[in-house]
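Here is what each chain is made of, one letter per residue.
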Amino acid sequence: MEIYELTAAETARAIKKREFSASDAVKAGFARMAKYEGVVNACITIIEEDALKRASEIDGRISRGEDAGPLAGVPYIAKDNFCTRGVRTTCSSRILENWVPNYNASAINYMNKAGAVLMAKANLDEFAMGSSTENSIIGPTKNPRDLNRVPGGSSGGSAAAVAAGYAPIALGSDTGGSVRLPAAFCGIQGLKPSYGEVSRYGIVAYCSALDQVSPLARSVEDLALAMEAIARPDPNDTTCDAYDRPKFGDALAMRDLKGKNIGVFAGFEAEQMDADLYKALTRAGDMCREAGASVRPIDLPISVKYGVATYYVTALADASSKLGCYDGIRYGTRVDGPTLTDMYVNTRTASFGEEVRRRIILGTCLLTEGFYQNYYGPALKVRTKMAEEFESLFEEYDAYLLPNAPSMPYLLGTKETDPNRMYLGDVFTVPISLGGLPGISLNMGFTDGGLPLSVQIAGPRYGDSKVLGIASVLERMIGRPAVCSPKKLEEAA
Ligand code: GLN
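Only a predicted model underlies this, so the values are computations on that prediction, with no experimental measurement involved.

Novice: Would you mind going over the environment of Thr-239 in detail, with residue names and values included?
Specialist: Summarising the element assignment, Thr-239 is placed in the loop between helix H7 (220-230) and strand S7 (261-265). Counting along the chain gives 43 residues from Thr-239 to Gly-196, while the straight-line C-alpha distance between them is 5.5 Å. Not counting residues up to four positions away in its chain, the partners in contact with Thr-239 are Tyr-195, Gly-196 and Arg-200. In terms of polar contacts, Thr-239 uses its side chain to reach the side chain of Arg-200, at 3.0 Å.

Novice: Quick rundown of the site of the ligand? Include the residues and the values.
Specialist: The immediate surroundings of the ligand are formed by 15 residues, with Thr-175, Gly-176, Ser-178, Tyr-206 and Tyr-311 found nearest. Contact between the ligand and Ser-178: a nitrogen atom at 2.7 Å from a side-chain N or O atom of the residue. Compared with its free state, where it exposes 290 Å², the ligand has 99% of that area covered by protein. For the shell around the ligand, the residue count by class is 5 nonpolar, 7 polar and 3 charged.

Novice: Kindly report on the packing of aromatic side chains, identifying the contributing residues and their values.
Specialist: Across all of its chains, the model carries 14 aromatic pairs by this definition. Plain terms: the ring middles of Tyr-243 and Tyr-462 are 5.6 Å apart, the flat faces sit at 70° to each other, and that makes the pair edge-to-face. Residue Tyr-243 is located in the loop between H7 and S7, and its partner Tyr-462 is located in the loop between strand S11 (452-458) and helix H15 (464-478); the two are separated by 219 residues in the primary sequence. A residue is classified by how much of its surface remains accessible, and Tyr-243, at 31% relative accessible area, is partly exposed. The rings of Phe-127, Tyr-326 and Phe-352 are connected pair by pair, giving a single aromatic cluster. Above the plane of the ring of Tyr-4 lies Arg-32, whose end atom (NZ or CZ) is 4.0 Å from the centre. Positioned above the aromatic ring of Tyr-110 is the side chain of Arg-232, whose terminal nitrogen or guanidinium carbon lies 5.6 Å from the ring centre.

Novice: So what's going on with the pattern of salt bridges? Residues and values would help.
Specialist: Enumeration according to the criterion identifies 24 salt bridges in this entry. Linking Lys-121 and Asp-80 is a salt bridge whose minimum nitrogen-to-oxygen distance equals 2.8 Å. Linking Lys-121 in strand S3 (residues 117-122) with Asp-80 in the loop between strand S2 (75-79) and helix H4 (106-113), this pair joins segments that are 41 residues apart in sequence. When its relative accessible area of 0% is taken as the criterion, Lys-121 is described as buried. For Asp-80, a relative accessible area of 0% gives the class buried.

About the criteria used
- Residues numbered from 1 in each chain as written.
- Predicted model: local features only at pLDDT ≥ 70, side-chain atom pairs only at ≥ 80, totals over all residues.
- Heavy atoms only, no water.
- Helix = DSSP H or I, 4+ residues; strand = E, 2+ residues; numbered from the N terminus.
- Contact = heavy atoms within 4.5 Å.
- Polar contact = N/O pair within 3.5 Å; in protein donor to acceptor, adjacent residues only side chain to side chain.
- Near = heavy atom within 4 Å.
- Areas by Shrake-Rupley, 256 points an atom, 1.4 Å probe, with all protein chains shown as cover.
- Nonpolar A, V, L, I, M, F, W, Y, C, P; charged D, E, K, R; others polar.
- Phe/Tyr/Trp six-rings, centres within 6.5 Å; stacked < 30°, edge-to-face > 60°.
- Buried < 20%, exposed > 50% of the residue type's maximum accessible area, 1.4 Å probe, protein only.
- Lys NZ or Arg CZ within 6 Å of the ring centre and 35° of its normal.
- Salt bridge = Lys/Arg side-chain N within 4 Å of Asp/Glu carboxyl O.

Here it is in structure tokens:
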């Protein structure tokens, strides 16, 4: 096996045993990048020199017999909305094109402290608003499983980088599905933790009521390892809970699902979604049964039906106020004009892309008198109803299986121009976000044509270990996804 094919756990173990060095691991990642980045376009900024320097520092510590951390020498990639000291952080937007933060996001500090080595900042939809990683200043990222298709979004660069073997772990952010969807589309694993589990300090906000730092990897074990590194109390983020986290890796000791109650989404008829994904969901339910669980079909009438509308009202309102700070004075790009108001208008018109402008305008409307009472207020009430629906579900069930998306990864350029179609693709991820629940996007193998299948496993709030355990039982039955060498599927046939 080549170094780039190993998981983070395997890489860390091999480095500890001195089978190869941290520098070898990081160089192997950059070699993959050199080979495929020209076509995949997963990264906005590559920090090779810094990464190699850090890897050799770690090698020095290991050779002196020091403990360099549980992830010592493991390369990783972070979405370009994580602040990184001295490394520009663009959010894929003209407005922050040249912005260099003077501090690190807490999650970056925690990964570094665990010994992981940051290689690059990954592509995303501008300000994490999107589901396909097509709305970007560097252009779309291509899905490494089939270069004609989108990688999902908004953490599409992070997911593509992990699938293509640049690094075994990446950090993304998930507000309404932005890690679960790209993990599903790129054929890897992704976890959106419970709201409050991981500090968001230093993540450029899209919707603070929902944003969560979320890891992507090619194994459930690596998701647990990443959680051990990043999920901890942080006085810099008051929404990050102060409790002592469990050792997430212990969840992997779960051998079967005996005694577990598992619900399977039953709100759609087979023909309402992609047939292969419907089969994957049914198969996941059957596998839970084989592993000893009691499995029953469950419909959540409120959450799936009203999720998309509730999410977009909440998220756009929040986003319009969060993005108010980009005024041409405090941050980034400025386009002057004869008056202060002209300067604001010129700067914001020239520097935000079409989708971000649409969301700011809609969100601003939603917060005005009248709209607030008719849309924003009701959305908050529906959100409470959804939370109640989930609460009563999880009184009885340990986990809930549902799809990550109603469709397979689609062809580049096909949905980008129709925002409503794009938003509807979030139907299965946004309810879990609105509930503040943990959700894992688990790979369920591939179609005969080579496209990834997946299932989403959601659990009760703070049941992150439980969903990791259940996912690990299923992963052992399915096999974990391997690195792919990016190609166009038609050409491969
Ligand atoms: N696709 C959703 C949106 O565009 C989710 C994005 C995200 O989770 N950051 O809002």
